[in-house]
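Secondary and tertiary structure notes
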Amino acid sequence: MANDVPVIMSKRNPDAVDTSRLETKLALLTEQNHELRIINQLATELHQLNDVKAVTDYVASTLASMLGFEDCAIFLMDADHQQLLRFSAAGSRNLLDGIGYSALLLDQGIVGHCASQRQSLLVEDTRQCTYYLMDVAHSLSELAVPVIDTGEVLAVIDCEHHQTGYFTKQHQQLLEQVASILASKLRWLQTLSQLEESVEKLEYAEKLQKSLYEIASFAYFADDLSEFYTHVHQVVSALIYAPNFFIALYDEDKEHLYFPYFVDTRGDEKPEQVYPKEILKNSLTGYVFRTDRPLLVNREQLNDLYQQKNLKVYGETPECWLGVPFHSGDSVHGVVVVQSYIEQIHYEPNDLELLTFVAQHISNALERVFSERKLQHQALHDSLTGLPNRALFLDRVHHAFLRMQRFPEQQLAVMYLDLDKFKAVNDTHGHAVGDAFLVAVGKQLKQCMRQSDTLARLGGDEFAILLEDVDELATIEEVAQRILLSLQRPVEVNGQALLASTSIGISFCQLDAPGLIPDELIRRADIAMYQAKKDGRGIYRVYDESMQADEIPGWNIEQALKTALNDNQLQLVYQPIVALEGNIVQGFEALVRWPHPEQGMVMPDLFIPIAEQSRLIVRLDHYVLRKALRQAAYWFAAGHRFYVSVNVSGTTVSEAGFVPWLQELIQQFGIPCYCLALELTERALIENMLQAKDSLQRLRKLGIRILLDDFGTGYSSLSYLSEFRLDVLKIDRSFINNMQDDEQDHPIVNTIIALAKTLQLSVVAEGIETQQQQHVLHRLGCDYGQGYLFAKPLSAEQALDWLTS
Ligand SMILES: Nc1nc2c(ncn2[C@@H]2O[C@@H]3COP(=O)(O)O[C@H]4[C@@H](O)[C@H](n5cnc6c(=O)[nH]c(N)nc65)O[C@@H]4COP(=O)(O)O[C@H]3[C@H]2O)c(=O)[nH]1
């Protein structure tokens, strides 16, 4: 504009000054000055304003008032660049308050076209304009100028007038300058608000992260769940509106719903009881459980839902309800809920997102706490019957002792029970029925005692009962009688009626029993039980001093052996079995040893026969098999291809579940079945003829070698030899012992070897101590041998050294 300013003060021809021209120039200058003032004022004032509305209002009203426009409106482009929203308007025809178009699409009206064409539109006569849109009254002229920053249309300044040709090029130029100032200002405000939003988001994210971390770490360490819930509530309250907050859990095992945490400002008490699963069908919380999806609803939607789904209203209907489901482990499902009773307070999708995070952490905490509780339960309970195990029983007895010290009138007694018929049930009907039988007996025993007494399964067919707060022996004897009577009735298992008789030992702890300790009380009940067995089974005996444990054969050893097995005290040694031709190793026999803490090394000859009298032999055989297979797997991995042979009793082999159990164990160790051989004595086979026969067949099918141990010592009848499918005969060392003379015929050994050959069995001679014996045996056609000549039983490490030497 400065270039256009004419030289009005020219002194070259003062007489030629044309007044009207000067007046025009003056008017122009005045106008330009006015425009500059407007621009200057706008630029200065806008600087002070930090709010979009204030800015657009100011621009609209300044233009209207300073330029005398009837209507000056500012339309802002929406976030999606889809439409223009009338934001501010000023002038005598101010149409902002609900009159006229409040929003225009990009191809609507002069404003829309101005935005889409990105250029100013000066329409002198709107009647000639095809896209002119009339609002209230017809404006005959209109000027629209786009507000553009870095190529983006941010707004449109639109002015209208009722006369045609009202707007001039100067108006347009002025508005374009204003638009340019407005564009920078709007952009600046936009950037500022984006920055503020980002900062806000970051601050929220940081707060959220901190809160969730807090919940997570609390979830990890919380032992007390109610404390954890309170903490979660506090954290959630710091993030969203949550004065009404509750957690509901559904226990699938018990099929009930309960509220471990519940806070409600409208006075609803925490529901104390548990609700049967039916509540899932008619409550809002139950609805979230069933759909397994979060739910965010306002009052209106809630009422619809109540009606549509036939739900019952529990407590006051909230204005807004937000519930998120979660899962903990296999059997617990939960819902965490916040609700608002205030009309103005509603939850948003990001609150739902937050609560989903929170629910996840609650679920983690519960999963950890529940699995810890489960582990704890497993450690203290028998997995088959669910009854307390020996450890928990001991603990209860200890506690009962402590209580008795405080309340001496509350005396206690321990009963030790051993089922008389269990072995027969197991042998005849198999493992699965045996297990079900034990469970059924456990239930029957429970019915004979008070709720406050403790029934435990100590292992195998042994149960124990702790009776607390008993006053006299007669009461205890009554319980024993009740049990005996109850077990006279057959126990129903899988539709079969089985008989379970038991022998009961009782020890009563009276006030005048000085120095009696809990373990001793249990030991005495055990001794009394042995006495009952001795005296005829199916009866009870009360411990008295005359019953000495030592009088019960093997009692002490059996008890100590149980402990040794529990404490993993037993060890294995290995004796090589070699081919007599060339002394090549074929296998190793595993032999068990018991390094007793007080008595030194106890040999199997002492404790195996005692273990065989009870079912302890089965436990022992399983124990040895597991250890031997572990060693076999180690040797196999090291490239050795010999077998390890393990002694097993007839009882173990004839158990119905033995073969699949062993097969699985071998698979677990990842070795081929030929790495294992089983040694059974003649007696073991004969005494368990039927079951053993079946088991041996299956074992051989798997590829497990069967060795007949101590051959020649037990039974004169040889007929059973063809009954069983065997691989190897082991000649008992008593025959080998006598073979000192090379010249003799050794008829027994000779016959055994000949018999074996006829039956196509290999022969191993046991107890070879001299080269002479080896020589004779080889001459007689014996294939393999074992004995001190080659090696004594060796530890696993020594065996390896021996192999390499
Ligand atoms: N004098 C002499 N003895 C020799 C010679 N070579 C080996 N022996 C001993 O003879 C026994 C051979 O084992 P067995 O006949 O299976 O007889 C075994 C077996 O019937 C039983 N047994 C050993 N370990 C186990 C086991 O883990 N489970 C079961 N159920 N029974 C086992 O105990 C019996 C005795 O085992 P051990 O005392 O280890 O005694 C072993 C072994 O140490 C020798 O040249 N001279």
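These numbers were taken from a predicted model, which means no experiment stands behind them.

**Some details on the pairing of strand β14 (residues 454–459)**
Among the six residues of β14, five are classified as buried, and the element is accordingly described as predominantly covered. Pairing geometry for β14 and strand β15 (residues 462–470), over five bridges, is antiparallel. What sits directly across from Gly459, in β15, is Glu462. Between β14 and β15, which follow one another and run antiparallel, lie two residues, and Gly460 among them has a positive phi close to 50 degrees.

**A word on the packing of aromatic side chains**
The geometry of an aromatic ring pair is captured by two quantities: the separation of the ring centres and the angle between the planes. Considering all chains together, one arrives at 19 aromatic pairs under this definition. With centroids separated by 5.1 Å and ring planes inclined at 75 degrees, the aromatic side chains of Tyr574 and Trp635 adopt a geometry described as edge-to-face. Of this pair, Tyr574 sits in strand β20 (residues 571–579) while Trp635 is found in helix α17 (residues 616–637), placing the two residues 61 residues apart along the sequence. Since its relative accessible area comes to 3%, Tyr574 is described here as buried. For Trp635, a relative accessible area of 2% puts it in the buried group. Each ring, one from Phe588 and one from Trp802, has its centre 6.3 Å from the other, and the planes form 80 degrees; the classification is edge-to-face. Pair noted here: Phe588 is in strand β21 (residues 584–596) and Trp802 is in helix α26 (residues 796–804), with a separation of 214 residues, a long-range link. Since its relative accessible area comes to 22%, Trp802 is described here as partly exposed. Clustering of aromatic rings is evident, with ring pairs tying together Tyr574, Phe588, Trp635, Phe642 and Trp802. Against the face of Phe636 rests Arg641, its NZ or CZ located 3.8 Å from the ring centre.

**Let's talk about the site of the ligand**
Around the ligand there are 23 residues in total, and Glu589, Asp709, Arg733, Glu769 and Tyr788 lie nearest to it. In the environment of the ligand, a nitrogen atom lies 3.0 Å from a nitrogen or oxygen atom belonging to the side chain of Gln575. A distance of 3.0 Å is found between an oxygen atom of the ligand and a side-chain nitrogen or oxygen belonging to Glu766. In the complex, 87% of the free accessible area of the ligand, which totals 800 Å², lies under the protein chains. Elements represented by at least two residues in the shell around the ligand include exactly β21, α16 (604–613), α17 and β25 (705–711). It is β21 that contributes the most residues to the shell around the ligand, four residues altogether. Taken together, the residues of the shell around the ligand break down into nine nonpolar, four polar and 10 charged.

**Examining the nonpolar core**
Formed by 81 residues in total, the largest nonpolar core has its most connected members in Leu662 and Leu678. With residues up to four places along the chain from it excluded, the contact list for Leu678 reads Leu625, Val646, Val648, Phe658, Leu662, Leu699, Ile704, Arg705, Ile706 and Leu707. One finds Phe422, Met449, Leu455 and Val470 within the second-largest nonpolar core, a separate group that totals 34 residues.

**Brief notes about the sheet that holds strand β19 (residues 540–542)**
Pairing in this open sheet of five strands is mixed, and the strands run β14-β15-β13-β18-β19 from one edge to the other. Every other strand in the sheet has two partners, leaving β14 and β19 as the edge strands with one partner each. Strand-to-strand, the axes of this sheet are offset by a mean angle of 20 degrees, without reference to chain direction.

**Quick notes on helix α25 (residues 771–780)**
Residues of α25 that are buried include every one of Gln773, Gln774, Val776, Leu777 and Leu780, and no others. Across the axial projection of α25, the buried residues extend over an arc of 170 degrees, all falling on one side. Close packing links the buried residues of α25 with α23 (733–737), α24 (747–758) and β27 (762–765).

**Brief notes about the packing of helix α5 (residues 225–239) against helix α9 (residues 349–380)**
Direction vectors running N to C along α5 and α9 enclose 170 degrees, while the axes themselves pass 12 Å from each other. In terms of their interaxial angle, α5 and α9 are classed as roughly antiparallel. Here Leu225, Phe228, Tyr229, Val232, Val236 and Leu239 of α5 come into contact with α9, specifically with Leu354, Leu355, Val358, His361, Ile362, Ala365, Leu366, Val369, Phe370 and Arg373. In the contact of α5 with α9, the residues fall into 14 nonpolar, one polar and one charged.

**Structural notes on a negative patch on the surface**
Among the surface-exposed residues, Glu409, Asp469, Asp471, Glu472 and Glu478 lie close enough to one another that they form a single negatively charged patch. On the secondary structure map, Asp469 appears in strand β15. Residue classification places Asp469 among the partly exposed positions, given a relative accessible area of 45%.

**Regarding the packing of α16 against α17**
It is the contact of α16 with α17, at a shortest axis distance of 6 Å, that shows an interaxial angle of 125 degrees. When the axis of α16 is compared with that of α17, the two are oblique. On the side of α16, the interface is formed by Phe607, Ile608, Ala611 and Glu612, while α17 contributes Leu616, Ile617 and Leu620. Residue composition of the contact of α16 with α17, by class: six nonpolar, no polar and one charged.

**A look at the sheet that holds strand β1 (residues 71–77)**
Read across the sheet, six strands follow the order β3-β2-β1-β6-β5-β4 without closing on themselves; strand pairing throughout is antiparallel. In the strand order of this sheet, the two ends are held by β3 (103–105) and β4 (121–123), each with one partner. Within this sheet the neighbouring strands show an average axis-to-axis angle of 20 degrees, counted without direction. Pairing of β1 with strand β2 (residues 83–90) involves six bridges; the strand directions are antiparallel. If you follow Phe75 over to β2, its bridge partner there is Arg86. Sheet contacts for helix α2 (residues 52–67): β1, β2 and β6 (152–161); angle to β2, the most-contacted strand, approximately 55 degrees.

**Observations regarding the pattern of salt bridges**
Pairing between side chains becomes possible if they bear opposite charge and their charged atoms approach one another. Summed over all chains, the structure comprises 27 salt bridges. Of the charged contacts in the structure, one is a salt bridge between Glu679 and Lys730, with a shortest N-O distance of 2.7 Å. A residue pair is termed long-range when its members are at least 10 positions apart, and Glu679 in strand β24 (residues 676–681) and Lys730 in strand β26 (residues 728–731) qualify at 51 residues. As far as the burial class goes, Glu679 and Lys730 line up, both buried. Taken together, the salt bridges that share partners define one network made up of Arg390, Glu462, Glu558 and Lys562.

**Thoughts on unusual backbone geometry**
If you check the backbone angles, Arg118 has positive phi at about 55 degrees while not being a glycine. With respect to the secondary-structure elements, Arg118 resides in the loop between α3 (109–117) and β4. Of note in the backbone geometry, Arg537 takes a positive phi value of approximately 60 degrees without being a glycine. Mapping Arg537 onto the fold places it in the loop between α14 (518–534) and β19.

**Regarding α24**
For α24, built from 12 residues, the straight-helix expectation of 16 Å at 1.5 Å per residue is met to within 8% by its first-to-last C-alpha distance of 16 Å. For α24, every residue scored as buried is listed here: Val749, Ile752, Ile753 and Ala756. Across the axial projection of α24, the buried residues extend over an arc of 95 degrees, all falling on one side. Of the exposed residues in α24, those oriented more than 90 degrees away from the buried face are Pro747, Thr751 and Thr758. Residues of α24 that are buried sit in contact with β25, β26, α23, β27 and α25. Directly beyond the C-terminal end of α24, a positive phi value near 60 degrees is found at Gln760.

The rules behind each value
Residues numbered from 1 in each chain as written. Predicted model: local features only at pLDDT ≥ 70, side-chain atom pairs only at ≥ 80, totals over all residues. Heavy atoms only, no water. Buried < 20%, exposed > 50% of the residue type's maximum accessible area, 1.4 Å probe, protein only. Helix = DSSP H or I, 4+ residues; strand = E, 2+ residues; numbered from the N terminus. Pairing = 2+ DSSP bridges. Phe/Tyr/Trp six-rings, centres within 6.5 Å; stacked < 30°, edge-to-face > 60°. Lys NZ or Arg CZ within 6 Å of the ring centre and 35° of its normal. Near = heavy atom within 4 Å. Polar contact = N/O pair within 3.5 Å; in protein donor to acceptor, adjacent residues only side chain to side chain. Areas by Shrake-Rupley, 256 points an atom, 1.4 Å probe, with all protein chains shown as cover. Nonpolar A, V, L, I, M, F, W, Y, C, P; charged D, E, K, R; others polar. Core = buried A, V, L, I, M, F, W, Y, C linked by side-chain atoms within 4.5 Å. Contact = heavy atoms within 4.5 Å. Axes fitted to C-alpha atoms, helices over the stretch in contact; angles between N-to-C directions. Arc of directions from axis to C-beta. Parallel < 35°, antiparallel > 145°, perpendicular 65-115°, else oblique. Patch = residues over 30% accessible without salt bridge, like charges linked within 9 Å, V, L, I, M, F, W, Y side chains within 5 Å. Salt bridge = Lys/Arg side-chain N within 4 Å of Asp/Glu carboxyl O. Lys, Arg positive; Asp, Glu negative; His and termini not counted. Charge placed at Lys NZ, Arg CZ, Asp CG, Glu CD. Expected span 1.5 Å × (residues − 1).

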